[in-house]
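# A look at the structure
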Amino acid sequence: MHKTIRVLILTAPFGNGHLSVAKEIQRELETYPNVNVIQYDLYTEEYYYLTKFLRRYHLRQYKKGLSQWSYKYIYYNSGKLLKTRIGRLYERFGRKRLIRKIKEVQPDLILNTFPVNCSYYLKEAGIDLPVFTMITDYYANENWIHPNLTCHFVASENVVDQLLNKGIAEQQVLLTGIPVREPFYQPKSKEEVEAIRKEHRIDPSHKVVLAVAGAKGVLPQFKLMAKRLSTLTDVTLLLVCGNQKKLYRQLAKTFKDKPNVRVFPYVNDMDRLMAISDLMVTKPGGITITECAQMGLPLVLFKPIYGQELENARYFAKREAAVVVHRMDELVQAVQDILSDENRLAMMKKNIADIAQKDSAHRIVQRMLAELGDRDENQENQEVASGLV
């Protein structure tokens, strides 16, 4: 490869996962000196006020009510809805703006880290580019799946099976895992783990439970959960509050005199906290649980909402890598039961580590660049054939 290759990555602001995956794939692409990457958030850049409203709707799904139930209906019925007249309009929504961006940056290929449906229909407008998609959960609803896509990159074997059962050709599906930040792929030595435990003043005899509210602080009943878990004997509790500054201040005040509780705001070194933890309590976002898989850290998943969270939780529970609970008493009991059973804890650590896929971003990039090589070779062959006629 000698010419500059331009890659257009399509993202969206609905959750941090899509942006995180785009960033990791961009980082891998930029290790190649002849690759230029452009990230494009079609919805925010072109439809700012509509996107602002939809982001609020997205966050409201974590609270019971109309937003949550409407999201459930749309998620599980997306296949039927996309076949309606409104659905067909939605599938092509934003295509003119996307085409304008394509003409501006002249990409050689497109990668979705969010299901930007209009990218599936570029050939209708005379644009013949390879279009890939990275499905950022352990389940794919119909928005992610389309025969016009060059390849679907997926997290796990069950998603491979799901796509094949939907009629997607085998060569259009590749099991890569979900890319996460590099530190999660690098196991910590015993010495490093001990040093981190000492840094956070962890009692050597204690098990460690890591409870994470999420970047937006959306894990339900987090304060009550923290109080209940803080009473467990021989357990140090690490509380990560995300971007919720008020929650952080409240919990820091509540537990200032509790020697077995550590309270953190948003952290950039989550891999270090995971490395010293025996169990994590959180919500089943695709990126977070992938990070746990890379670290071999079992999960207790609390109140997953309908949609990708529930499907992620079901998959990890089926693999016996996580326990799913819906009530506070169940959560506390599950944590106690797992920590008190060394064999079960060891089994869960092994099971969640077995889910992990290595070198995800590298494998995605290799597949995309290989497609360009194949296209160049086919074009050369066609030119040679036409010259012989």
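What comes next concerns the included structure. On a predicted model such as this, the values are computed, not experimentally measured, just so you know.

Criteria and cut-off values
Residues numbered from 1 in each chain as written. Predicted model: local features only at pLDDT ≥ 70, side-chain atom pairs only at ≥ 80, totals over all residues. Heavy atoms only, no water. Helix = DSSP H or I, 4+ residues; strand = E, 2+ residues; numbered from the N terminus. Buried < 20%, exposed > 50% of the residue type's maximum accessible area, 1.4 Å probe, protein only. Contact = heavy atoms within 4.5 Å. Polar contact = N/O pair within 3.5 Å; in protein donor to acceptor, adjacent residues only side chain to side chain. Pairing = 2+ DSSP bridges. Axes fitted to C-alpha atoms, helices over the stretch in contact; angles between N-to-C directions.

## Points about the overall build of the protein chain
Each helix and strand in the protein chain was counted, giving 17 helices and twelve strands. Counting only C-alpha atoms, the protein chain reaches 80 × 50 × 35 Å along its principal axes. Split into buried and exposed, the 389 residues of the protein chain put 54% on the buried side. Within the protein chain, contacts between residues separated by at least 24 positions form 66% of all contacts whose residues are at least 6 apart in sequence.

## Here's the deal with the side chain of H152
Tracing the chain through its elements places H152 in strand 5 (residues 151–154). In this structure the side chain of H152 is engaged in a polar contact, spanning 3.2 Å, whose partner is the backbone nitrogen of H146. Contacts of H152, omitting those with residues within four sequence positions, involve T133, I135, W144, I145, H146, L163, I168, Q172, V173 and L174.

## Comments concerning helix 13 (residues 286–295)
Where burial is concerned, most of helix 13 is hidden: nine out of the ten residues are buried. Turning to helix 13, its buried residues are G286, I287, I289, T290, E291, C292, A293, Q294 and M295. Taken together, the buried residues of helix 13 touch helix 1 (16–29), helix 12 (270–275), strand 10 (279–282), strand 11 (299–302), helix 14 (308–318) and helix 16 (342–355). Following helix 13 by one or two positions, G296 adopts a phi angle in the positive range, close to 65°.

## A look at the sheet that holds strand 9 (residues 261–264)
Spatially, the six strands line up as an open sheet ordered 9-8-7-10-11-12, and their pairing is parallel. Each edge of the sheet is formed by a strand with only one pairing partner; in this case those strands are strand 9 and strand 12 (322–325). For this sheet the average axis-to-axis angle between neighbouring strands, irrespective of direction, equals 15°. In this fold helix 10 (residues 222–229) packs onto strand 7 (207–212), strand 8 (235–240) and strand 10, with an angle of close to 165° to the strand it touches most, strand 8. In the packing of helix 16 onto the sheet, the strands contacted are strand 7, strand 11 and strand 12, and the crossing angle to strand 12 comes to about 100°.

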